[in-house]
Amino acid sequence: MKRLNNITITLLLLLLSGQSYAGKAPYADTVIINGQVITADSNDPNQITIAEAVAIQGDKIMAVGSNTEIQALIADWTEVIDAKGLSVTPGYIDTHNHIYETSTGFPWVVNYIPDLLEVRVGGANPEEMAQNALNAIRARASQIPEGKWIRINMRPPQIAVPIMNGNILNRARLDEVAPNHPTYVTTRGGTILNTKAQQEFAHYYGNELPDDYWMVDADRGWSGEYTDFGRCSSLDLIGMQDQETYNKYIQGYFEVMQANAQIGVTTYKSHIQCEAGFSATNHMDRNDMMPIRMAWDHRWLQPFSNSIKESYRRIGDFLGHGSDMFFSTGSSVGGIDAGGVGWCTAMVAKNEEIKKREQCPPAPEGVELNAWKGRSVEDGSIAVNRGRRTEHLVTLAELAAEGRISNIPGWHSAGDGATEIMMKTYRAHMSDERIRMLRTTSDHCHSVTPEEIEIATRTGHTFSCDATEVPTQVIKEGYGEEYLTWNAPVASMMNAGVNAVISQFGIESELRESAFEDGVMWMTRKINGETWGVPEEAIPDRMTLMLMMTRRAAYPIWKENALGSIEPGKFADIVILSGDYMSTPVEDLDQLTSVLTLIGGKVAHEMPALRGNTLHFSTDTAEWTFDMQTPTELWRWTEPPQIPPFLNGANGY
C-alpha cells in the first residue's frame, strides 16, 4: 500500500483557484484529522492510499491528505472532527439485504404491529414438526380475532420440506384448525396456504393466484414459493391494512435502516418484491427522511401476476432513475431457485430423495444446461411452477438484447444450476461484450462451478456472496464433501479476475454490533468454530475484505464514480471505527464498529468516543439518545425523527 504525503499540485491549484467548486470559497465545511484514513482508492489492495485527514465541502469529499495539508483548508466556520488515531473508512455497501421486508420481524417493530408476528416451530422429524405447526396455528386462532393472519415458519428446511413433498400438511388440514384466519406455513423452499389466505391474496392483487404458482394445485395449497407469501403478506396485506398500521411499518423500517447506519452501512441494495416496500421507501425519500441510501431493482411484477411478458416489455429503462438516496438499478427476476435444500445444482446426490428437494425451473428452449441432465417433468426433478422464473429470465434477456433496457441486476441463485441457467440464457441472446455492459450480478453464490467462474471473467459478472453454514451442511449430508470447493469460492473468483463482493453483513434478519461479523467468517472460513466450504477459499487479507465492502461493491450498483472510496468528488459517506482496522487481530475485527457515521457529509450516528456526543437509536428500547456535549451543525437528526403520515408528506412535493 502507499501513503499519501502530498495532495497533487493539480488538485491544490483547482481548490485554491475555486475552479472545481465554482462560487464557493476554497475551504472545507468539515474536516476529519488525526485519522488512519483507508481510502480504498485502488482496486489493488497493495496500492491503497493511507492518509491522515479528509476535507468535506457540502455532501462531497473535497480533498484527502496529511494533517498539515488538510488544515490549510480550515476556515473559521469549518467543523473539525479529531479521529484520535482511529481508522477512517468509506461507508459500507451491502449489495444484497432485504431491510424493507425483514424490518417487520424485529421485536420492537412487532410490538408496533402485533399482527406481524410469525411463529417459528421445529421438530425432530416431519411428523412431529407438522403436529407442532398445527398446534401453533390452533393456539394463535384462539388468541386473535377472526380475519387476522396466522403465519408459521418451520425450520430447518431439511425436515420441513418433506412435510410438503409428502402431503403431511395441506390446505385442508390448515382449514380444519383455522378456517376463519388467513394462514400459511412456510420454510425455505415452499409454502402451504389455507383457503382464507388464498382468497386474501386474490382480493388484494385483483386476480386469482396463477395455476402455475402451485406445485400441484390450489387444493393442495402448496407452492414452491416462500418469499412471495412471507414478504407480501407482511408488507402489503398486513402492513397496509389501514393508514395507522402502514405509518407504523414505515417508522419501523426507518429505524432498522438507522440501526444499519450505526454499524457503518451507508448503502444497501435489494430487489423490491412487494409494493408497500417501494411506497414506504419512496415516501421517506421524497420527505428527505432516508437514513441510508438504497439501490433497488424492480421485482413486483413477479408475485401473483400472469402478465409477465407483456408487463416487462412495457417497462423500459429504470437504471439510475431516482435520487441520490433511492435509485434504481433495473429490473430483476428475483429468485431462480429456492434456498437451502431447495436450490438447483448439478451435484450428484446420495439418493433420489435429495434431488427431489431441488427446485430447478424448466430450461429455456435451445439452452443446454449441465444441471438439467437426467431431469424431467415426469419424475418431478424439474419444478414446473418455477417456469415463471424462466419466462422472466428469457423476457429480460430478449429486451436487453434488443437494447430496450440497460440493466438486469442481481438475482437470487443459491445453487450452481440457477447461476448456470442465468448465464447461459444471457449468452444465448447476447454477446459477452453486451453482457459486460449490463453489469450482471447473482446473489448468494452458495454453489458456483469453475465453468461459471470462467464465464464470469468473460462477461464481467459480479458474485454477491453471503456467509452461512447451511450450504456446507447440505453438501455434506446430501452430496459429498468433494463438492465443498463449489461453496462460495471467492478466492478462486478473485484469482480469475472476477468481481466478488460480500453481502448480508448488515442488520437484516438479526441485529449486529459490527459490520465485520461476517468479515471474520470470510477471512477464517469458520462459523461457530466449524469450517464452512474449504479454507483455501478464504478472503486473503483485510484490505481485500475492505474493498469487497466498499469500492468493489459500488460497481454492480453503478455508483463507482460516487460511492465506495474516500476520494475527491465522491459523496462523503465515511465511517470512523472504534479501533485500528489494520492492526486488530483478524479474529477480533468483529469488535470494531462505528463511532461516527457520515452520510453525504451529515452525521447519521455518533458515540462519545470522539467528542463526547451521542446520536443513537436503541434497538433494545426503541428510544433515541441525543446528547450534544460539543456544538455541531452536522447531525442528521437533532430529535427523534417524525416521518409524516403516508402521502400527507407529499403535499406540495
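Just above, that's the structure.
I will try to describe carefully the structure that is included in this document.

What counts and what doesn't
Residues numbered from 1 in each chain as written. Predicted model: local features only at pLDDT ≥ 70, side-chain atom pairs only at ≥ 80, totals over all residues. Heavy atoms only, no water. Helix = DSSP H or I, 4+ residues; strand = E, 2+ residues; numbered from the N terminus. Buried < 20%, exposed > 50% of the residue type's maximum accessible area, 1.4 Å probe, protein only. Arc of directions from axis to C-beta. Contact = heavy atoms within 4.5 Å. Core = buried A, V, L, I, M, F, W, Y, C linked by side-chain atoms within 4.5 Å. Polar contact = N/O pair within 3.5 Å; in protein donor to acceptor, adjacent residues only side chain to side chain. Expected span 1.5 Å × (residues − 1). Bend = angle between axes of the 7 residues up to and from the residue. Disulfide = S-S within 2.5 Å.

This next bit is on unusual backbone geometry. Cis rather than trans, the peptide bond between R155 and P156 has omega equal to 0 degrees. Phi at N34 is positive, roughly 55 degrees, even though this residue is not glycine. If you trace the backbone, N34 turns up in the loop between β2 (28-33) and β3 (36-38). Looking at N34, the relative accessible area reads 31%, which means it is partly exposed. Within the chain, R439 stands out as a residue other than glycine whose phi angle is a positive 55 degrees. For R439, the location among the structural elements is in the loop between α16 (432-438) and β19 (441-444).

Each full turn of the α-helix corresponds to 3.6 residues, which orients residues three or four apart in the same direction. Here helix α17 (residues 450-459) has its buried residues at E452, I453, I455, A456 and T459. In an axial view of α17, the angular spread of the buried residues amounts to 160 degrees, which keeps them on one side of the axis. Each element contacted by the buried residues of α17 is listed here: α15 (416-429), α16, β20 (462-465) and α19 (490-495). With its phi angle positive at about 75 degrees, G460 sits one or two positions after the end of α17.

Attention now goes to the environment of Y555. For Y555, the location among the structural elements is in the loop between α22 (551-554) and β24 (574-577). The partly exposed category is assigned to Y555, whose relative accessible area is 28%. A C-alpha to C-alpha distance of 9.9 Å links Y555 and V501, two positions 54 residues apart in sequence. Here Y555 is in contact with R436, R439, T462, N499 and E560, once residues within four sequence places are set aside.

As a further point, take the nonpolar core. Judged by nonpolar contacts, the single largest core of 147 residues is most densely connected at Y253, M493, F516, I574 and I576. Counting 23 residues, the second largest nonpolar core, distinct from the first, contains I144, M154, A160 and A178.

Our focus in this paragraph is the side chain of H412. If you trace the backbone, H412 turns up in strand β18 (residues 411-413). Note on H412: relative accessible area 11%, which makes it buried. A polar atom in the side chain of H412 sits 3.3 Å from the backbone oxygen of D337. Of note is the side chain of H412, whose polar atom sits 3.4 Å from the backbone oxygen of A338. Dropping the residues within four chain positions of it, H412 is found in contact with R188, G334, G335, I336, D337, A338, G339, D443 and H444.

What follows is about helix α9 (residues 227-239). A rise of 1.5 Å per residue sets the reference length of α9, with its 13 residues, at 18 Å; its end C-alpha atoms lie only 16 Å apart and thus fall more than 12% short of the reference. Maximal helix bending in α9 amounts to about 40 degrees, located at S233. Judged by how many residues are buried, α9 sits mostly within the fold: 13 of 13 residues are covered.

Attention now moves to the state of the cysteines. Each disulfide consists of one covalent bond between the sulfur atoms belonging to two cysteines. Evaluated as defined, the whole model comprises 3 disulfides. Through a disulfide, C344 is tied to C360; the S-S separation comes to 2.0 Å. Across the S-S bond of C344 and C360 the torsion is about 105 degrees, and the bridge reads as right-handed. In this pair, C344 is assigned in the loop between β17 (326-331) and α13 (352-357) and C360 in the loop between α13 and α14 (387-402), connecting sequence segments 16 residues apart. For the residue pair C344 and C360, the accessibility class agrees, reading buried in each case. Counting only the cysteines that take part in disulfides, in the order they occur along the chain, gives the pairing 1-2, 3-4, 5-6.

Before going further, it helps to examine the environment of G85. Relative to the helices and strands, G85 is located in the loop between β7 (74-82) and β8 (87-90). Residue class for G85 comes out partly exposed when judged on its relative accessible area of 45%. Linking G85 and V37, residues 48 residues apart in sequence, is a C-alpha distance of 9.2 Å. The contacts of G85, once residues within four sequence positions are left out, are N34 and Q36.

So yeah, pure geometry; function would need other evidence.
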